[in-house]
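Letter by letter, the chains look like this.
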Amino acid sequence: MINVRADEQELRILREEVAQITEKIIELLALRNERSRAIGQLKRRMNVALLDLNAEKDLRERIARVAQRHGLDPESTQRTLTFLFQESLRQQSSIEDREGPRITHMDIFRKAKQLESSGQKVIHLEVGEPDFGAPLEVHRTLSEAAISGYAKYGEAKGLPELRERIIEYLDERFGVRRSPQEVLVVPGGRFGVYAAAAALLSPGDEQLVIDPSWPLYKQAAQLLHARPIAIKTTLEDSWLPRVEDVENSLSSATRLLVLNSPNNPTGAVIDRRLMEEIVEVCRKRSIYVLSDEVYMDYCFTEHYSVLETGYEKSLMLMSFSKSWGMTGYRVGFLVGERAMIDRAASVQAMLMTCVPEFIQRAAFKALEDNETPKVYGRVMKERISEICKWLDSMPVSYMRPRGGMYVFPKIDVKGIDTAEIALKLLEKDRVAIAPGTAFGDYKDHLRISAGTSSEEIAEGLRRLKTYVDSYRRPPLGVKDF
Ligand code: PMP
């Protein structure tokens, strides 16, 4: 009895001490925030960027030493630092900084849909969906499989025969031999990105993304309370990352690098050499690489897969949406190290059990068809050339895409805001185009999609040209890298 009371007393004392320490932490946080705001003001006065990865890196190293001295877990210390850095940045930012882009491509898409529902015809150059549709045999297989009752719960990783077929496909295509246990059939590339990120990222981890980028990569990291760090690429560098920029953006909290080749929105393609150099940097630091290769069949030069590097911490993502026009089927696959695929599979099992079997059977059928991806790739290349021809007569700079289904021109008219252009063009001329701000800090750029027919593309581009020409600036010509 006496002992119990002594323990209770001790617990009360300890709790009070913890409460006081917590109070101190919060008071220190308030002080830290105040200093961060002062730093923000100074940086604005000096006209320097708010995000300073070098300063963060120095502090990470310094704190790692303190953590070591006190026997703290190094990884959770680094993750805690990520939260502090994010809070610093939030404090440093002004309200305008925090608002982000005012108009995104989803706003344009929504507005276009509104116009259409009121009976207006809109030319869609903003969508990331090819207009091709799936091959007839694939449709047929899908219906027959559904009618035959292939519609039960299945293995999270996917049908064994489909995974076997995917293994053969990878072998034929890239000469790599993988095991079916290293394949996860996912409900589309989009879910594949999320499943991979969920398998890899813990709150406070950092994920590197090469900007301009498909918005989902950053959104998925944020959904998982991880921190996306953008490595900015430029038109002048042919939209390719410099290896030293990748190296410099790594921190002790970096867990994952996302690559996308052929790229949405720029059309850049990472060649063998660059891929190997980037992978080498990641290998040295044991960082995972997620390589989104969903546009591999819309590649107008050699496509080099991350799987060919042999790096064990690489994950490759592929989808049936682009190569076989199966966007609405929602099916793709993720390939990588068994332990990671197992983790991604358990995320999938929790959220959706498995990809419906009749869809997987349709995907199996698609893999028998080597011709359709080639035809679709050729059509995309022609449409991209068509878009480039139009752009050559406008005051824009751009890189001729090496792959993908988009062109990402910079409008060479001083002070022009492409989000404004996108909105005006939609309201006035009924053409929907994605503003560059949807893909990172690229407010002078537009993304033009080749997902629609050549006739629509020509008419959409004619209207864009009339709009841009109305600014009456001389053409600056094309930069072909
Ligand atoms: N990756 C990239 C780069 C994309 O642009 C898209 C589609 N816009 C996808 C993946 C995903 O496509 P899906 O989910 O249809 O497979």
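Residues numbered from 1 in each chain as written. Predicted model: local features only at pLDDT ≥ 70, side-chain atom pairs only at ≥ 80, totals over all residues. Heavy atoms only, no water.

1. Brief notes about the site of the ligand
Around the ligand lies a shell of 15 residues, among which Gly189, Asp292, Ser319, Ser321 and Arg330 are the nearest. Contacts to the ligand include lysine 322, whose side-chain N or O atom sits 3.4 Å from a nitrogen atom. Separating an oxygen atom of the ligand from a side-chain N or O atom of arginine 330 is a distance of 2.7 Å. Relative to its free-state accessible area of 400 Å², the ligand is covered by the protein chains to the extent of 92%. Broken down by secondary-structure element, the contributors of at least two residues to the shell around the ligand are helix H8 (189–200) and helix H12 (320–323). (Near = heavy atom within 4 Å. Polar contact = N/O pair within 3.5 Å; in protein donor to acceptor, adjacent residues only side chain to side chain. Areas by Shrake-Rupley, 256 points an atom, 1.4 Å probe, with all protein chains shown as cover. Helix = DSSP H or I, 4+ residues; strand = E, 2+ residues; numbered from the N terminus.)

2. Notes on the packing of helix H6 (residues 136–147) against helix H14 (residues 357–368)
With their axes 8 Å apart at the nearest point, H6 and H14 run at an angle of 150° to one another. Accordingly, the angle class assigned to the pair H6 and H14 is roughly antiparallel. Judged by the sense of rotation from one axis to the other, the crossing of H6 with H14 is right-handed. When H6 is examined against H14, the residues Glu137, Val138, Thr141, Leu142, Ala145 and Ala146 are found in contact with a partner set consisting of Phe358, Ile359, Arg361, Ala362, Lys365 and Ala366. Taken together, the residues of the contact of H6 with H14 break down into 8 nonpolar, 1 polar and 3 charged. (Axes fitted to C-alpha atoms, helices over the stretch in contact; angles between N-to-C directions. Parallel < 35°, antiparallel > 145°, perpendicular 65-115°, else oblique. Left-handed = near helix turned anticlockwise from the far one by under 90°. Contact = heavy atoms within 4.5 Å. Nonpolar A, V, L, I, M, F, W, Y, C, P; charged D, E, K, R; others polar.)

3. Considering unusual backbone geometry
For the bond from serine 261 to proline 262, the omega torsion is -10°, close enough to zero to count as cis. A cis amide bond, omega 20°, links asparagine 264 with the succeeding residue proline 265. Turning to its location among the elements, proline 265 is positioned in the loop between strand E5 (254–260) and helix H11 (272–285). Here the phi dihedral of histidine 225 falls at roughly 60°; this positive angle occurs in a residue that is not glycine. Residue position: histidine 225 is located in the loop between helix H9 (216–223) and strand E4 (227–232). Backbone geometry places threonine 353, a non-glycine residue, at a positive phi of 65°. Examined against the element boundaries, threonine 353 turns out to sit in the loop between helix H13 (338–352) and H14. Of the residues examined, threonine 353 reaches a relative accessible area of 32% and is grouped as partly exposed. (Buried < 20%, exposed > 50% of the residue type's maximum accessible area, 1.4 Å probe, protein only.)

4. Observations regarding the pairing of strand E3 (residues 206–211)
Most of E3 is tucked away, with 6 of its 6 residues classed as buried. Burial along E3 is two-sided: Glu206, Leu208 and Ile210 and Gln207, Val209 and Asp211, pointing in opposite directions, are all buried. Where E3 lies against E5, 4 bridges are found, and the strand directions are parallel. Its bridge partner being in E5, glutamate 206 is matched across the sheet by threonine 254. (Pairing = 2+ DSSP bridges.)

5. Some thoughts on the domain arrangement of the chain
Parsing the chain into structural domains produces domain 1 (27–98), domain 2 (105–132 + 372–472) and domain 3 (136–368). Its C-alpha centre places domain 2 at a distance of 26 Å from the equivalent point of domain 3. Each partner contributes residues to the interface: domain 2 has 30 residues there, and domain 3 has 29 residues. Here domain 2 meets domain 3 over a buried area of about 2,400 Å², counting both sides, of which 66% is carbon and sulfur. A per-residue breakdown of the area domain 2 buries against domain 3 is headed by Met399, Arg402 and Tyr442, which together make up 23% of the total. Our count for the contact surface shared by domain 2 and domain 3 stands at 1 salt bridge. (Domains from an automatic or database assignment. Buried area = accessible area lost by both parts, 1.4 Å probe. Salt bridge = Lys/Arg side-chain N within 4 Å of Asp/Glu carboxyl O.)

6. Here we look at the side chain of glutamine 78
With respect to the element layout, glutamine 78 can be found in helix H3 (residues 74–92). Leaving out residues up to four positions away in the same chain, glutamine 78 has contacts with Arg60, Ala64, Ser252 and Ala253.

7. Re the pattern of salt bridges
When their charged atoms lie close together, side chains carrying opposite charge are able to pair. A complete count under the given rule lists 40 salt bridges for this structure. Here glutamate 280 ties to arginine 283 by a salt bridge, and the two come within 3.3 Å at their closest N and O atoms. Here arginine 283 and glutamate 280 lie together in helix H11, a separation of 3 residues that amounts to about one turn. Exposure remark for glutamate 280: the relative accessible area of 35% places this residue in the partly exposed category. Taking relative accessible area as the criterion, arginine 283 reaches 32% and is therefore assigned partly exposed. Here aspartate 342 and arginine 338 are joined by a salt bridge, their closest N and O atoms 3.3 Å apart. Taken together, the residues aspartate 342 and arginine 338, both in helix H13 and 4 residues apart, mark about one turn of the helix. For aspartate 342, a relative accessible area of 30% gives the class partly exposed. What you see here is one network of salt bridges that share partners, running through Glu56, Arg60, Glu206 and Arg227.

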